[in-house]
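Coordinate analysis (summary)
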Amino acid sequence: MQTLNGVERQLLTLVSKQVNVAIESAEMDLIEMGVIDSLALVDLLLQIEKEFGVQISLAELEIDDLRSVAGLARVIVKEKGK
Amino acid sequence: MRDGIAVNAVIETYSRLAIEYGETENLDSCWGLVARHSLSLVALEDKHKVVVDVGCGAGRDLAHLASCYSPDVRFIGIEPAVNMREIGINRTANYPNVKVVDGRFEKLPLESGSVDYLYSILAFHWTTDLDKSVSELARVLKPAGEMDLAFIGRYNGREFIRKTTPVFFKYMTPAMMVEAASLRKQLTVEQASALFGKAFGSHRLSVEESYHTYYDTLEGHWAWWVRIEAQLVNIPQVVRVECDQAVRAAIATLETERGIPYTVHLLHVRLRDT
């Protein structure tokens, strides 16, 4: 099973590519930075599902899950563990 | 459901706000200017005998074009929002060659191969099904039919989005944000070229993008907020006023000496008989 750190590393690359901004830290606030808007969110979630082979439940998502790569990585690890 | 297609929030909201939509403040806003610029892209010629406006709204452009061209030209406006359509029917009542009917990009109420010229101004991004819509456009146009579509692109309004997204995330859940985003289809120029190229080929088709920054006051920009209301209807009413105030405060921080900027990313799909 992929570790949280491993997921974070892979996700840093994916998010940076997706939003066309270098995300240097897993803790950076993507929303306050203005990196994630609603259209980018849709694209990003689709890419995450494709690359990590998970089905993300929108109803269970909290805003803090989306704030950072670290938050998104926790969601992926949780979904993979289901 | 209607005709097998779910009635969506955009259509319902445009219908509900049809009167507000026609107010001078909205028409004079930057989006009014974009609409007028887009109308200048419409290129009617003598050979166009059947002309269609998809998403004609309250029929302003139809009435204008009908007043400028021969009564022999048959104009058909297609509009899914019932109250918009009613205004459009009344506005064009003096032109017997104009008809305004129910329909949408995904299901055009027109015979195959019947249209000489089709245009649409700031409506295509509201389609619910890109492939089906383009397929419908290709179906209704005559083999030598021509077309101009102007609609917003992927990078529209970046300044506002950057400022307002953190606010919306306070009042909307991620699921609500995704639902709101799914109401509009904002394409890059590459995506639009690929989409329309599949249906029309590349020799008759061109897809161009443009960026234009409009400056206005906070109130001036707020006047066009009616245009995006459909994406905000899920915000609980008890916090809606608070949300609006927070959005206005966020937008106000963009103020410059020229006013508050808003950059429109416009795509223009142009089909011509060669």
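Residues numbered from 1 in each chain as written. Chains lettered and ligands numbered in written order. Predicted model: local features only at pLDDT ≥ 70, side-chain atom pairs only at ≥ 80, totals over all residues.

Within chain B one finds 12 helices and 7 strands. Computed over the C-alpha atoms, the radius of gyration of chain B is 19 Å, within 12% of the 19 Å expected from 2.2 N^0.38 for a compact globule of 274 residues. Over its C-alpha atoms, taken along the principal directions, chain B stretches across nearly 50 × 45 × 40 Å. With 274 residues in all, chain B has 39% of them scored as buried. (Helix = DSSP H or I, 4+ residues; strand = E, 2+ residues; numbered from the N terminus. Rg over C-alpha atoms; globule rule 2.2 N^0.38 Å. Buried ≥ 20, exposed ≤ 12 C-beta atoms within 10 Å, placed from the backbone.)

Below, the discussion takes up the overall build of chain A. Helix and strand counts for chain A come out as 4 helices and 0 strands. Its helices and strands taken in sequence order, chain A reads α-α-α-α from the N to the C terminus. Considering chain A as a whole, with its 82 residues, one finds that 30% of them fall into the buried category. Relative to all contacts within chain A whose residues are 6 or more apart in sequence, the contacts with residues 24 or more apart total 65%. (Contact = placed C-beta atoms within 7 Å.)

Residue and element names in this part refer to chain B. Relative to strand β7 (residues 260-271), strand β5 (residues 141-152) is paired through 6 bridges, and the arrangement is antiparallel. Directly across from Leu149, in β7, lies its bridge partner Val269. Alignment of strand β6 (residues 205-216) against β7, held across 12 bridges, turns out to be antiparallel. Within the sheet, the bridge partner assigned to Val207 lies in β7 and is Val269. (Pairing = 2+ DSSP bridges.)

Residues and elements named next belong to chain B. The mixed open sheet is built from 7 strands, whose spatial order is β3-β2-β1-β4-β5-β7-β6. Looking at which strands have only one partner, the edges of the open sheet turn out to be β3 (98-101) and β6. Within this sheet the neighbouring strands show an average axis-to-axis angle of 15°, counted without direction. Of the strand pairs in this sheet, strand β1 (residues 50-54) and strand β4 (residues 115-121) are connected by 3 bridges, and their pairing is parallel. Bridged to Val52 within β4 is Leu118. (Axes fitted to C-alpha atoms, helices over the stretch in contact; angles between N-to-C directions.)

Below, the discussion takes up helix α2 (residues 38-52) of chain A. For α2(A), which comprises 15 residues, the first-to-last C-alpha distance of 21 Å matches the rise-based estimate of 21 Å (1.5 Å per residue) to within 8%. Among the residues of α2(A), those classed as buried are A:Ser38, A:Leu39, A:Ala40, A:Leu41, A:Leu44, A:Ile48 and A:Phe52. If you follow the buried residues of α2(A), they end up packed against α1 (4-19), α3 (63-66) and α4 (69-80) of chain A together with α9 (174-182) of chain B. In the stretch just after α2(A), A:Gly53 is the one whose phi turns positive, near 65°. (Expected span 1.5 Å × (residues − 1).)

This part is about the nonpolar core. Within the largest apolar cluster, 63 residues are counted, with the highest numbers of intra-cluster contacts made by B:Val52, B:Phe75, B:Leu118, B:Met147 and B:Phe151. If we ignore the near neighbours within four places in the chain, the residues touching B:Met147 are B:Tyr117, B:Leu118, B:Tyr119, B:Leu137, B:Leu141 and B:Leu271. Listed in part, the 25 residues of the second largest apolar core include A:Val15, A:Ala40, A:Phe52 and B:Met172. (Core = buried A, V, L, I, M, F, W, Y, C linked by C-beta atoms within 7 Å.)

Contacts between the two partners involve 14 residues from chain A and, on the opposite side, 13 residues from chain B. Those elements that place two or more of their residues in the side of chain A that touches chain B are α2 and α3 of chain A. Among the elements that make up the side of chain A that touches chain B, the one with the highest residue count is α2(A) (4 residues).

Attention now moves to the environment of B:Asp102. All names here are of chain B. Within the element layout of this structure, Asp102 appears in the loop between β3 and β4. Taking the C-beta count within 10 Å as the criterion, Asp102 has 14 such neighbours and is therefore assigned partly exposed. For the pair Asp102 and Val54, spaced 48 residues apart in sequence, the C-alpha to C-alpha distance is 10.0 Å. The contact partners of Asp102, leaving out residues within four places of it in the chain, are Pro80, Arg85 and Pro109.

The next subject is the confidence of the model for chain B. Of all residues in chain B, 97% attain a pLDDT of 70 or more, and the chain-wide mean is 92. Here residues 1-5 of chain B is modelled with pLDDT under 50, and outside its nearest four sequence neighbours on either side it reaches 5 contacts, counting other chains as well. (pLDDT = per-residue confidence, 0-100.)

All names here are of chain A. Packing of α1 against α4 leaves a shortest axis separation of 9 Å and a crossing angle of 120°. With respect to α4, the axis of α1 lies oblique. Every pair of crossing elements has a handedness; the one defined by α1 and α4 is right-handed. Facing α1, whose interface residues are Leu4, Val7, Glu8, Leu11, Leu12 and Val15, α4 presents Val69, Ala70, Leu72, Ala73, Arg74, Ile76 and Val77. Of the residues contributing to the contact of α1 with α4, the split by class is 11 nonpolar, no polar and 2 charged. (Parallel < 35°, antiparallel > 145°, perpendicular 65-115°, else oblique. Left-handed = near helix turned anticlockwise from the far one by under 90°. Nonpolar A, V, L, I, M, F, W, Y, C, P; charged D, E, K, R; others polar.)

On to the environment of B:Leu232. Residues and elements named next belong to chain B. Assignment of secondary structure puts Leu232 in the loop between α11 (218-222) and α12 (237-252). Judged by the 19 C-beta atoms lying within 10 Å of it, Leu232 falls in the partly exposed class. With 118 residues separating them along the chain, Leu232 and Ser114 place their C-alpha atoms 38 Å apart.

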